[in-house]
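What follows is the residue order along each chain.
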Protein chains: 2
Amino acid sequence: MLVLTESELRRLVPFSPAAVAAVEEGFRQLGGGGVATPPVLRLDFPEANGEIDVKAAHAYAWDSFAVKMSTGFFSNAQRGLPSANGLMVLFSAVTGEPLAVLLDGGYLTTVRTAAAGAVAAKWMAPAAVDTLGVVGTGLQAWFQVQAVLAVRPVQQVAVWGRDAGHAHALADRVAQQAGVPAHVCAGLEELVATSGVVVTATPAKSPLVRGEWLSAGHHVTAIGTDAPDKQELDVAVWARADVAACDVRGQAVQMGDSHHAVAAGVLDPARLVELGDIVSGRQMGRPSPEAITVCDLTGTGIQDTAIARLACQAAREAGVGMDLRP
Amino acid sequence: MLVLTESELRRLVPFSPAAVAAVEEGFRQLGGGGVATPPVLRLDFPEANGEIDVKAAHAYAWDSFAVKMSTGFFSNAQRGLPSANGLMVLFSAVTGEPLAVLLDGGYLTTVRTAAAGAVAAKWMAPAAVDTLGVVGTGLQAWFQVQAVLAVRPVQQVAVWGRDAGHAHALADRVAQQAGVPAHVCAGLEELVATSGVVVTATPAKSPLVRGEWLSAGHHVTAIGTDAPDKQELDVAVWARADVAACDVRGQAVQMGDSHHAVAAGVLDPARLVELGDIVSGRQMGRPSPEAITVCDLTGTGIQDTAIARLACQAAREAGVGMDLRP
């Protein structure tokens, strides 16, 4: 029974090819129908502007599974605290014993979300990316840049954000820490039109990227939309998609970016391909260099289980963490 | 952020008046409508004969709440392991921060279940108990003896079990550790007929206690029935009850002992009084010395939150546990 702190987990599980491979394998299991994902347990704290979500997922082929508890208390900033917090517990799927408590404070969710972006880009983006366009300037935008860089050669990165200061800070970070030339684009249309791959990582509640800005070969991943009232892509983006993909169809059509297009009648939900089916070879992620491809990532439990297993394995190999016996 | 091991928790949270008071206060909150209890998250592991249940409950008046993860892997005995395991996490209801991880291995569930039995006996049993009859010989049977002893003067304890050896072992334990004369009853009818208070703590799937064995003043608590296929009390027990009580009506009529009586048409579910309403004075637990009273305890999340809060408070006061900073 291992207990790992956030600082240990940050050292043990950086965003890395291993993280991408772990999450990709999770999607492969999902695509084969080999994953059980029960409905989320949710509890609201209206008086504190807060909520907790508890998620679990089990791949039958794996000998362990994770339960993730995520809290979001949106008045925490007034107290100088981050709004997101939480932890994961890894259990044996053979004996039910708790194997590890991962006190990650939400960090592993950042990594597994980035890894899903990398998997989408790996299987759907054009082979070479001259410019990667990033919409959004927060932590996940930075991780999504690393995600695409992990799976594609990229010549330069263009950043767009509502706050120019934040946009410049992200461009500087990309140039310095990722070693790829980066600049800020003042216009969103310009950014989309000049970027072969576009990733949106914002909490937007009205569409940012328009379908008319896309051209042959474009790939777009929307990472920010995980609630019915959020939207990053114009429904015309979905209408123009030759391949319209998502992580989990049932969830995407309820709360993902694509659900707006389904509701508007421009996207038949049966056309939505699941990433797991692409990764496992059942569906084509990019049928031709000219295809326009779009992916809607809402987040699913098997990503958490995959990253928790990786963390636990890395900790055992490094001899890190407190090993507790009852 | 406190981490407490099972051995620490066993020392910090014995079955005690404090545990009974904490769980009673939980039921009082429940009775006032001040508790949110979302549906249980459940995941099955058919290949390992296992399951995990995740429960949470929040009393609006309290500044913290627990999430409990309980596993039951019923082939573990073949590996020399207990079938039940699990842990709890206590969170701040103000900021969502995890406050404590309680690696109790299921121990706190034993205590909070015993405490509910004590609350039922406190509010429903006759004032004086000549003989307490216990049906079942497992760990919870021993805790239920302690539960009734905590709230009523008891002259003697009678034990019935399918395994005579186990029954004698429990009687010996009661005599030695609780200091109350105890004997084994060979006949179940004799045990029920001669015990003013009867507690059933078995995994029985067909009724053990019959309604015709009851007489004026009897109180019966069924603690073992937490699934639709389990049953400890004959439906006639419920038909004879002047007060028919349960912990949570919606759950009892789905999976509690009383649900068989409801299904058989001998108990109107509207007659089922909730323990929280008794504890908070809205309903009468024992209207007269002659009344026959019956209580169906299926277990509910606010018991877990109550006991987790008590454990955390006891640990802080005793300076026990590992205090981790990220």
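As the structure is a computational prediction, the values presented were derived from the model and not from experiment.

### Some remarks on unusual backbone geometry
All names here are of chain A. Phi is positive for Asn49, close to 55 degrees, though the residue is something other than glycine. Inspection of the secondary structure assignment puts Asn49 in the loop between β3 (41–45) and β4 (50–59). Residue classification places Asn49 among the partly exposed positions, given that 15 C-beta atoms sit within 10 Å.

### Quick word on the sheet that holds strand β10 (residues 182–184) of chain A
All names here are of chain A. Judged by pairing direction, the sheet is parallel, and its 8 strands sit side by side in the order β10-β9-β8-β11-β12-β15-β13-β14 without closing on themselves. Lying at the two open borders of the sheet, with one neighbouring strand each, are β10 and β14 (273–274). Looking at chain direction, strand β8 (residues 129–135) and strand β9 (residues 154–160) are connected through 6 bridges and run parallel. Counted as the bridge partner of Val135 is Trp160 from β9. Helix α3 (residues 107–124) contacts β11 (197–200), β12 (219–222), β13 (243–246) and β15 (293–296) of the sheet and is inclined by roughly 160 degrees relative to β12. Packed onto the sheet, helix α4 (residues 139–151) meets β8, β9 and β11 and runs at close to 160 degrees relative to β8.

### Focus on the pairing of β13(A)
Remark: a regular strand shows side chains that alternate across the two faces of the sheet. All names here are of chain A. Neither face of β13 is left uncovered, since the one carrying Val243 and Ala245 and the one carrying Ala244 and Cys246 both have all their residues buried. Sheet analysis places β13 next to β15, joined by 4 bridges and oriented parallel. Looking at the pairing, Cys246 lines up with Asp296 of β15. Bridge count for β13 against β14 is 2 bridges, and the pairing is parallel. Of the residues in β14, the one forming a bridge with Ala245 is Val273.

### Regarding the relation of the copies chain B and chain A
Of the transformation placing chain B onto chain A, the axial shift is 0.0 Å and the rotation is 180 degrees, giving an RMSD of 0.1 Å. Each copy turns onto its partner about a two-fold axis. Measuring from the rotation axis to each C-alpha of chain B, the shortest distance belongs to B:Leu41, at 2.9 Å. Counting the interface residues of chain B, we find that 100% of their copies in chain A are interface residues as well, pointing to one common contact surface.

### Description of the pairing of strand β7 (residues 98–102) of chain A
Residue and element names in this part refer to chain A. Burial of β7 is extensive: 5 of the 5 residues sit out of reach of the surface. Of the pairings in the sheet, the one linking strand β6 (residues 84–92) to β7 comprises 4 bridges and is antiparallel in character. Residue Val89 lies in a different strand from β7, and its bridge partner there is Val101. Here β6 folds back onto β7 in antiparallel fashion, the turn holding 5 residues, of which Gly96 has a positive phi close to 80 degrees.

### Side note on the nonpolar core
When a protein is soluble and globular, its nonpolar side chains tend to lie buried together. If you look at the biggest cluster of nonpolar residues, it comprises 228 residues, and the most contacted ones within it are A:Leu102, A:Ala311, B:Leu102 and B:Ala311. Sequence-distant contacts of B:Ala311, defined by excluding residues within four places in its chain, comprise B:Leu4, B:Leu9, B:Leu12, B:Val13, B:Leu102 and B:Leu108.

### Description of the domain arrangement of chain A
Residues and elements named next belong to chain A. For chain A, the assigned domains read domain 1 (2–109 + 302–323) and domain 2 (116–299). The distance between the C-alpha centroids of domain 1 and domain 2 comes to 24 Å. Contacts between the two partners involve 11 residues from domain 1, matched on the other side by 14 residues from domain 2. The element that contributes the greatest number of residues to the side of domain 1 that touches domain 2 is helix α2 (residues 17–31), accounting for 8 residues.

### Overview of the sheet that holds strand β10 (residues 182–184) of chain B
Residues and elements named next belong to chain B. Taken together, 8 strands build an open sheet; the order of strands is β10-β9-β8-β11-β12-β15-β13-β14 and the sheet is parallel. The sheet terminates laterally at β10 and β14 (273–274), the two strands that pair on one side only. Set on the sheet, helix α3 (residues 107–124) makes contact with β11 (197–200), β12 (219–222), β13 (243–246) and β15 (293–296); between it and β12 the angle comes to about 160 degrees.

### Remarks on the confidence of the model for chain A
Here chain A averages 96 in pLDDT, while 100% of its residues score no lower than 70. Quick note on the complex model: pTM equals 0.94, ipTM equals 0.93.

Conventions used here
Along each chain, residue indices are assigned from 1 in the same order as the chain's sequence is written. Just so you know, chain letters begin at A and ligand numbers begin at 1, following the order they were written in. Since the coordinates come from a predicted model, pLDDT governs what is reported: local features require at least 70, and pairs of side-chain atoms require 80 or more to be given and counted, while whole-chain, interface and lining totals use all residues. Helix and strand assignments follow DSSP, with helices taken as H or I runs no shorter than four residues and strands as E runs no shorter than two, numbered in order from the N terminus. With C-beta atoms placed from the backbone, a residue counts as buried when 20 or more other C-beta atoms lie within 10 Å of its own, as exposed when 12 or fewer do, and as partly exposed for counts between those limits. Whether two strands pair depends on DSSP finding at least two bridges between them. Contact between two residues is assigned whenever their backbone-derived C-beta positions fall within 7 Å. To obtain each axis, a line is fitted to C-alpha atoms, and for helices this fit is confined to the stretch in contact; angles are then taken between N-to-C directions over 0 to 180 degrees. The atoms used to superpose the copies are C-alpha atoms, taken from residues with pLDDT of at least 70 in both, and the fit is least squares. Any set of buried Ala, Val, Leu, Ile, Met, Phe, Trp, Tyr and Cys residues joined through C-beta atoms within 7 Å is what this text calls a nonpolar core. Boundaries between domains were set according to an automatic or database domain assignment. The predictor reports its confidence for every residue as pLDDT, a score running from 0 up to 100.

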